[in-house]
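Observations on the model geometry
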Amino acid sequence: KKALLLQLKGKENVTLDGKKIKIYANIGNANDVANVLKNDAGGIGLFRSEFLYLEKNDYPTEEEQFIVYKTVAENMAGKKVIIRTLDIGADKQVDYFNMEHEENPAMGYRAIRICLDRKEIFKTQLRALYRASAYGKISIMFPMIISVSEVLEIKEIVEEVKEELKEQGIPFSDVELGIMIETPAAVMISDLLAKEVDFFSIGTNDLTQYTLAIDRQNPKLDKIYDSHHRGVLRMIKMVADNAHANGIWMGICGELASDLSLTETFLSMGIDELSVSPSLILGLRKKVRETNVDEVKNSILEKI
Ligand code: PEP
Ligand code: MG
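To start, this report covers the structure provided alongside it. (Residues numbered from 1 in each chain as written. Chains lettered and ligands numbered in written order. Predicted model: local features only at pLDDT ≥ 70, side-chain atom pairs only at ≥ 80, totals over all residues. Heavy atoms only, no water.)

Comments concerning the overall build of the protein
Across its full length, the protein holds 14 helices and 8 strands. Here the protein has a C-alpha radius of gyration of 19 Å; the compact-globule value for 304 residues is 19 Å, and the two agree. C-alpha atoms of the protein, sized along the principal axes, occupy 55 × 45 × 35 Å. Taking all contacts inside the protein whose residues are at least 6 apart in sequence as the whole, residues at least 24 apart take part in 69%. Counting every atom, the protein has about 13800 Å² of accessible surface; 50% of that belongs to carbon and sulfur. Charge-centre separation for the protein: the mean point of 39 positive side chains lies 7 Å from the mean point of 47 negative side chains. (Helix = DSSP H or I, 4+ residues; strand = E, 2+ residues; numbered from the N terminus. Rg over C-alpha atoms; globule rule 2.2 N^0.38 Å. Contact = heavy atoms within 4.5 Å. Areas by Shrake-Rupley, 256 points an atom, 1.4 Å probe, with all protein chains shown as cover. Lys, Arg positive; Asp, Glu negative; His and termini not counted. Charge placed at Lys NZ, Arg CZ, Asp CG, Glu CD.)

A closer look at the site of ligand 1
Inspection of the region around ligand 1 gives 14 residues, with R48, R84, G203, N205 and R216 positioned closest. Interatomic distance of 2.7 Å between a side-chain N/O atom of R48 and an oxygen atom of ligand 1. One nitrogen or oxygen atom from the main chain of N205 is found 2.7 Å from an oxygen atom belonging to ligand 1. Protein burial of ligand 1: of its 290 Å² of free accessible surface, 98% is covered by the chains. With 3 residues, helix 10 (residues 204-212) is the single largest residue contributor to the shell around ligand 1. (Near = heavy atom within 4 Å. Polar contact = N/O pair within 3.5 Å; in protein donor to acceptor, adjacent residues only side chain to side chain.)

Digging into the nonpolar core
Within the largest apolar cluster, 89 residues are counted, with the highest numbers of intra-cluster contacts made by Y69, F142, F200, I236 and I271. Not counting residues up to four positions away in its chain, the partners in contact with I236 are I202, T204, M250, I252, L256, F266, M269 and I271. Formed by 7 residues, the second largest nonpolar core is a distinct cluster that contains L46, M180, F199 and C253. (Core = buried A, V, L, I, M, F, W, Y, C linked by side-chain atoms within 4.5 Å. Buried < 20%, exposed > 50% of the residue type's maximum accessible area, 1.4 Å probe, protein only.)

Here's the deal with the side chain of T208
Position of T208 relative to the elements: it lies in helix 10. Among the polar contacts listed, one links the side chain of T208 to the backbone oxygen of T204, at a separation of 2.6 Å.

With respect to unusual backbone geometry
The phi angle at D40 is positive, at roughly 65°, despite the residue not being glycine. With respect to the secondary-structure elements, D40 resides in the loop between helix 2 (33-38) and strand 2 (43-48). With a relative accessible area of 18%, D40 lands in the buried category. Backbone geometry at A111 places phi at a positive 50°, although glycine is not the residue there.

Description of the coordination of the magnesium ion (ligand 2)
Around the magnesium ion (ligand 2), the protein contributes the donor atoms E182 (OE) and D206 (OD), which lie 2.1 to 2.2 Å from the metal centre. With E182 in the loop between strand 5 (176-181) and helix 8 (184-188) and D206 in helix 10, this pair connects stretches of sequence that are 24 residues apart. By relative accessible area, which is 4% here, D206 ends up buried. (Donors = N, O, S within 2.8 Å, 3.2 Å for Na, K, Ca; no water.)

Quick word on helix 13 (residues 281-289)
What helix 13 keeps buried is the set I281, L282, G283, L284, R285 and V288. Contacts from the buried residues of helix 13 go to helix 1 (2-6), strand 1 (22-27), helix 12 (263-269) and strand 8 (273-276).

With respect to the packing of helix 4 (residues 62-75) against helix 6 (residues 119-132)
Between helix 4 and helix 6, the least distance of the axes is 8 Å, while the angle of their chain directions is 35°. As helix 4 packs across helix 6, the resulting crossing turns out to be right-handed. Counting all contacts with helix 4, which are made through E62, E63, Q65, F66, Y69, K70 and A73, the residues of helix 6 involved are T124, Q125, R127, A128, L129, R131 and A132. (Axes fitted to C-alpha atoms, helices over the stretch in contact; angles between N-to-C directions. Left-handed = near helix turned anticlockwise from the far one by under 90°.)

So, the environment of Y109
Note that Y109 resides in the loop between strand 3 (80-84) and helix 5 (112-117). Each C-alpha atom, one on Y109 and one on A213, is 18 Å from the other, the two residues being 104 residues apart in sequence.

Focus: the packing of aromatic side chains
Following the criterion strictly, the structure yields 10 aromatic pairs and no others. Aromatic side chains F47 and Y69 sit 6.5 Å apart centroid to centroid with 85° between the ring planes, which places their arrangement in the edge-to-face category. On the criterion of sequence distance, the pair formed by F47 in strand 2 and Y69 in helix 4 is long-range, its members being 22 residues apart. The two residues F47 and Y69 agree in class, both being buried. (Phe/Tyr/Trp six-rings, centres within 6.5 Å; stacked < 30°, edge-to-face > 60°.)

Digging into the packing of helix 10 against helix 11 (residues 230-245)
In contact at an axis separation of 10 Å, helix 10 and helix 11 are set at 125° when each is read in the N-to-C sense. With respect to each other, helix 10 and helix 11 are oriented oblique. As helix 10 packs across helix 11, the resulting crossing turns out to be right-handed. Contacts between helix 10 and helix 11 involve T204, L207, T208, T211 and L212 from the first element and G231, V232, M235 and I236 from the second. Per-class residue counts for the contact of helix 10 with helix 11 are 5 nonpolar, 4 polar and no charged. (Parallel < 35°, antiparallel > 145°, perpendicular 65-115°, else oblique. Nonpolar A, V, L, I, M, F, W, Y, C, P; charged D, E, K, R; others polar.)

Shown next, in the form of structure tokens:
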């Protein structure tokens with residue numbers, strides 16, 4: 001079976017009726033890039049930058065981060081690398097951040113909320129990312145967005161960083177800026193958010209948690225943690241429609257992206273990109289190549 005999948009290397013992600021989709025890889029570490037290339041990913045759709053912070057006893061410096069981002073960008077040789085800014089808090093705690101105990105950390109001080117509160121940490125990461133952009137095709141994505149004002153504030157900080165780099169004569173390239181859609185609020189205002197960013201990527205792990213009000217970490221609730229819930233699927237459809245109506249692309253980088261029982265659904269919604277763990281890329285390509293979207297689309301979308 002593995003040998004059969006390997007025959008799909010170098011082939012396009014195209015359906016029987018000619019619809020194309022991008023299949024990218026999720027990584028959590030710079031060492032994963034070899035596996036990404038081996039499995040013929042079109043790019044990296046989610047680089048969880050947390051590992052840089054989790055594996056250390058102190059804040060990673062700009063230089064340390066720069067080297068990691070640059071290496072990944074260079075090794076991907078011009079293919080898109082979407083790096084997500086720091087997403088700690090909730091289930092990912094880092095001692096040296098000295099975070100206060102919270103009764104409800106999943107709804108607490110985490111991700112972009114920390115970055116907008118402790119701007120020196122955010123700016124250090126943004127400087128490293130922009131510096132690395134001179135060495136490959138880097139995009140930046142921001143987690144846990146709930147409002148347009150957050151995005152506007154992020155863009156202001158990004159402009160400051162670019163200005164500073166320019167003044168210092170440090171080179172950088174154009175960088176696409178995107179946001180993760182992983183809160184119901186972001187879904188419901190995705191028409192407005194789409195006017196402010198270059199792309200969306202849906203984090204279905206958190207979106208399911210917050211939509212169904214089910215802690216993704218509580219094994220007792222596994223049975224009802226249902227990512228196929230129509231509440232979740234309708235949200236994904238809404239995000240796709242709002243993205244496309246506003247001329248931006250959108251993808252999915254949560255676990256649901258690799259759920260082959262939903263590939264036909266995602267293709268029917270016109271989703272542009274699915275980002276999955278490297279070992280699942282060729283299986284997903286196979287599924288895409290066996291699908292005829294025109295044949296299944298109407299009956300699938302009717303049921304959502
Ligand atoms: C998600 O929430 O679906 C996601 C991709 O982010 P993480 O799993 O890292 O929270
Ligand atoms: Mg998430």
